[in-house]
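Coordinate analysis (summary)
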Amino acid sequence: MGQIPPLLLLAIATGVASAPWVGGGNAALDIAAGLLPAVVIHYWALRRASVLPVIAVLFSGLCVDVLSGGPFGFWTSVYSFSWVIGLVQRRWATVFWKPGRWAMFGVAVVILAGGISAAGAVLGGDIAPAGVLLEASIWLIAGYPLLAAILRIGDGTREGRPLESD
């Protein structure tokens, strides 16, 4: 039963990322919307990885790949990388308080933006210009406290309860 809220939140984020009208023509908002599932995935990988199966991460990426018409495997790779970054950062999640976890998310977004830029170079063209990636990263980092508050509702844990241990 504890997996239903995280999976539902990931499904909602995947739906938003796949919606063609989300950015309204603003490339930075389109990229930020595409990264919403990565926010959800990073959140759960950092806090309670056991409630979000890896297959859900892969399925989310495949759905966005298919529905967005982008390069097949692109968003799957981005979301998988977000999962790995969250797992690597877990050892510090219990040490840092909320501002520290916000900073860890900021580092994750910068790494993901760099990965998107590198993927564009490998694929022979820009997925998004550097300025667009920077703007999308700023939107996500600035909005993280609100997004984390929404995700915390699905967590079902109280603030005093420690994060999942390794």
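Let us look at the structure shown here.

Rules behind the numbers
Residues numbered from 1 in each chain as written. Predicted model: local features only at pLDDT ≥ 70, side-chain atom pairs only at ≥ 80, totals over all residues. Heavy atoms only, no water. Core = buried A, V, L, I, M, F, W, Y, C linked by side-chain atoms within 4.5 Å. Buried < 20%, exposed > 50% of the residue type's maximum accessible area, 1.4 Å probe, protein only. Helix = DSSP H or I, 4+ residues; strand = E, 2+ residues; numbered from the N terminus. Contact = heavy atoms within 4.5 Å. 1 Å grid on protein atoms, 1.4 Å probe; cavity = no way out; pocket = protein on both sides within 12 Å on 5 of 7 lines; lining within 4 Å. Points joined across faces, edges and corners; volume = space filled by probe spheres on them. Nonpolar A, V, L, I, M, F, W, Y, C, P; charged D, E, K, R; others polar. Axes fitted to C-alpha atoms, helices over the stretch in contact; angles between N-to-C directions. Phe/Tyr/Trp six-rings, centres within 6.5 Å; stacked < 30°, edge-to-face > 60°. Parallel < 35°, antiparallel > 145°, perpendicular 65-115°, else oblique. Left-handed = near helix turned anticlockwise from the far one by under 90°.

This part covers the nonpolar core. One finds L35, W44, L52, V78 and Y79 to be the most contacted residues of the largest nonpolar core, which totals 41 residues. Broken down by secondary-structure element, the contributors of at least two residues to this core are α1 (4-18), α2 (27-34), α3 (36-47), α4 (54-68), α5 (74-93), α6 (98-122) and α7 (130-155). What W44 contacts, discounting residues up to four positions off in sequence, is P6, L9, A49, V51, L52, L151, G154 and D155.

Tracing the backbone shows V110 in helix α6. Taking relative accessible area as the criterion, V110 reaches 52% and is therefore assigned exposed. Sequence separation between V110 and S137 is 27 residues; the distance between their C-alpha atoms is 6.8 Å.

What follows is about the layout of surface pockets. A water-sized probe, rolled over the atoms, reveals where empty space remains. Within this model, the largest pocket holds a volume of roughly 410 Å³. Along the walls of the largest pocket sit 21 residues, with A17, D30, I31, S68 and W75 positioned nearest its centre. Of all elements in the fold, only α1, α2, α4 and α5 reach the threshold of two or more residues within the lining of the largest pocket. Sorting elements by how many residues they give to the lining of the largest pocket places α2 first, with five residues.

Considering all chains together, one arrives at one cavity of 30 Å³ or more under this definition. Taken as a whole, the largest cavity spans an internal volume of roughly 40 Å³. Taken together, L35, A38, V39, H42, S82, F105, A108, V109, L112 and L140 form the lining of the largest cavity. Listing elements by their share of the lining of the largest cavity, those giving two or more residues are α3 and α6. Ranked by residue count, the leading element in the lining of the largest cavity is α6, at four residues. When its residues are assigned to classes, the lining of the largest cavity shows eight nonpolar, two polar and no charged.

To continue, consider the packing of α1 against α7. With their axes 8 Å apart at the nearest point, α1 and α7 run at an angle of 145° to one another. Here α1 contributes P5, P6 and L9 to the contact with α7, which in turn contributes I150, L151 and G154.

Enumeration over the complete set of coordinates arrives at four aromatic pairs. The interplanar angle of 35° and the centroid separation of 5.7 Å between the aromatic rings of W75 and Y79 together place this pair among those described as tilted. Of this pair, W75 and Y79 both sit in helix α5, four residues apart, which is roughly one turn of that helix. Across the pair, exposure class does not vary: W75 and Y79 are buried alike. For the ring pair F105 and Y144, a centre distance of 4.2 Å and an interplane angle of 15° mean the geometry is stacked. In this pair, F105 sits in helix α6 while Y144 sits in helix α7, placing the two residues 39 residues apart along the sequence. Here F105 falls in the buried class, since its relative accessible area comes to 2%.

Bringing the packing of α5 against α6 into the picture now. The geometry of α5 relative to α6 is characterised by a closest axis approach of 10 Å and an angle of 150° between their N-to-C directions. By the criterion of interaxial angle, the relationship of α5 to α6 is roughly antiparallel. The two elements α5 and α6 cross, and the hand of that crossing is right-handed. Contacts from F74, V78, F81, S82, I85, Q89, W92 and A93 in α5 reach R101, M104, V107, A108, I111, L112, I116 and A119 in α6.

Next up on the list: the side chain of T14. Its place among the elements puts T14 in helix α1. With sequence-adjacent residues up to four places away left out, T14 is seen in contact with P37, S60, C63 and V64.

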